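Chain residues, written in single-letter form:
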Amino acid sequence: MRKLSIAVERFPIAGTFTISRGSKTEAVVVVATIAEGAISGRGEGVPYAHYGESVDSVVAQIDSARRFIENGGDRFALRGELPPGAARNALDCALIDLEAKATGRGVAHLLGLPPLEPVNTAFTISLDGVETMAAAAKSACDRPMLKVKLGKDGGRERLAAIRRAAPRSRIIVDANEGWTPEMFPEMMEACIELGVTMIEQPLPAGADDYLIEAKRPVAVCADESAHTTADIKRLVGRYDAVNVKLDKTGGLTEALEMIAAAEEEGLIVMVGCMVSSSLAMAPAFVAAQRAQYADIDGPLLLARDRVPGLMFSGTIVHPPYPDLWG
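Source: prediction; values computed, not measured. What you see as residue numbers is a count from 1 along each chain, following the sequence as written. Two thresholds apply to this predicted model, a pLDDT of at least 70 for residue-level local features and 80 or more for giving and counting side-chain atom pairs, whereas whole-chain, interface and lining totals are computed over all residues. To obtain the side-chain values, all non-hydrogen atoms of the structure were included, while hydrogens and water were left out.

A. Summary view of the sheet that holds strand S14 (residues 316–317). Ordered in space as S4-S14-S13, the three strands form an open sheet in which the pairing is antiparallel. The strands lining the two open edges of the sheet, one partner per strand, are strand S4 (119–120) and strand S13 (312–313). Bridge count for S13 against S14 is two bridges, and the pairing is antiparallel. Across the sheet, the residue bridging to serine 313 is isoleucine 316, located in S14. At least two bridges found by DSSP between two strands are what make those strands a pair. Helix and strand labels come from DSSP, where a helix needs a run of H or I of at least four residues and a strand needs a run of E of at least two; each type is numbered from the N terminus.

See the structure below:
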């Protein structure tokens, strides 16, 4: 018989993580563990206040599915029990981990994917003052791709300083909905001039109709405008790429379907993450096998990760060991 347990865990961030909406100094995650006999599977979700989630609400959502889980419910039927979000993500990933361990099959085999290969992840430069961001970029200038958080002032000066500090790195700009349509042309020009590879969610999700007519010589990626497979059709014409995050899709099961739908529409795929531990990053790593871009550096932003964790060689992420997940 199955038994579901829920735990709240905290991981200090190395310094402060800041985006256009605010700052935090720790990652608070909710872990669902599903035990069946001597075997157990785990999944980690990150409550996200921007989407109306809190630690208490995510714990309560997971607990509301207790009877479903303990009576043998599977990950496909789970989508009828819970909406997309951190709670469903934790349970979906726990069910996949449990099935992999119960059957003795690696997660790639279980999901019908090719053998897992190492992935190169972007490394995030948190929003801060110009000099601080430039110093962070200089210390990371050997990393092939930097993801630069910019804010409501646009950030041209910050971006120029970062480019000087890391002249060889590819740069993804992430505005986290911080820009306005009036700012967009100027910032697009700055991104062209400074050799930016992609711009992520420049405008608020509710104001992105502007992008239908806007010139987009640098690819524009949807993040807050894209949650599940059902959103893909609306993105076409507004965006060139989509950031798939498991805490938005509600798990790896939906994430893989969303990636397939994005591929059908010709969208570039990025797999991203919230700031969280290697337990959350392991299933994101699996999804990133199908992506052109990976932003799964969550554990690199922490002062300490869980043990065992994913192995990073610089920004190369290696496949997870089964005792972590999958």
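Following the structure, the description resumes.
B. Structural context of the sheet that holds strand S1 (residues 2–19). Spatially, three strands are ordered S1-S2-S3 in an open sheet, and the strand pairing comes out antiparallel. Each having just a single partner strand, S1 and strand S3 (39–45) make up the two edges of the open sheet. Within the sheet, the average angular offset between the axes of one strand and its neighbour, ignoring direction, is 20°. In this sheet, S3 lies alongside strand S2 (residues 22–36) in antiparallel orientation, the contact comprising seven bridges. Note that in S3 the partner of valine 31 across the bridge is glutamate 44. Helix axes are fitted only over the stretch in contact, all axes being lines through C-alpha atoms; the angle between N-to-C directions runs from 0 to 180 degrees.

C. Examining the nonpolar core more closely. Buried Ala, Val, Leu, Ile, Met, Phe, Trp, Tyr and Cys residues form a nonpolar core when they are joined through side-chain atoms within 4.5 Å. Between buried and exposed lies partly exposed: a residue is buried under 20% and exposed over 50% of the maximum accessible area for its type, with that area taken using a 1.4 Å probe on protein chains only. Core analysis: the largest hydrophobic core is formed by 88 residues, its most contacted members being Trp179, Leu252, Ile296 and Trp325. Broken down by element, the residue count for this core peaks at eight residues, all from helix H12 (residues 278–288). Contacts are assigned to residue pairs that have any heavy atoms within 4.5 Å of one another. Look past the residues within four positions of isoleucine 296 in its chain and what remains in contact with it is Val119, Thr121, Val271, Gly272, Cys273, Met281, Ala284, Phe285, Ala288, Phe312 and Val317.

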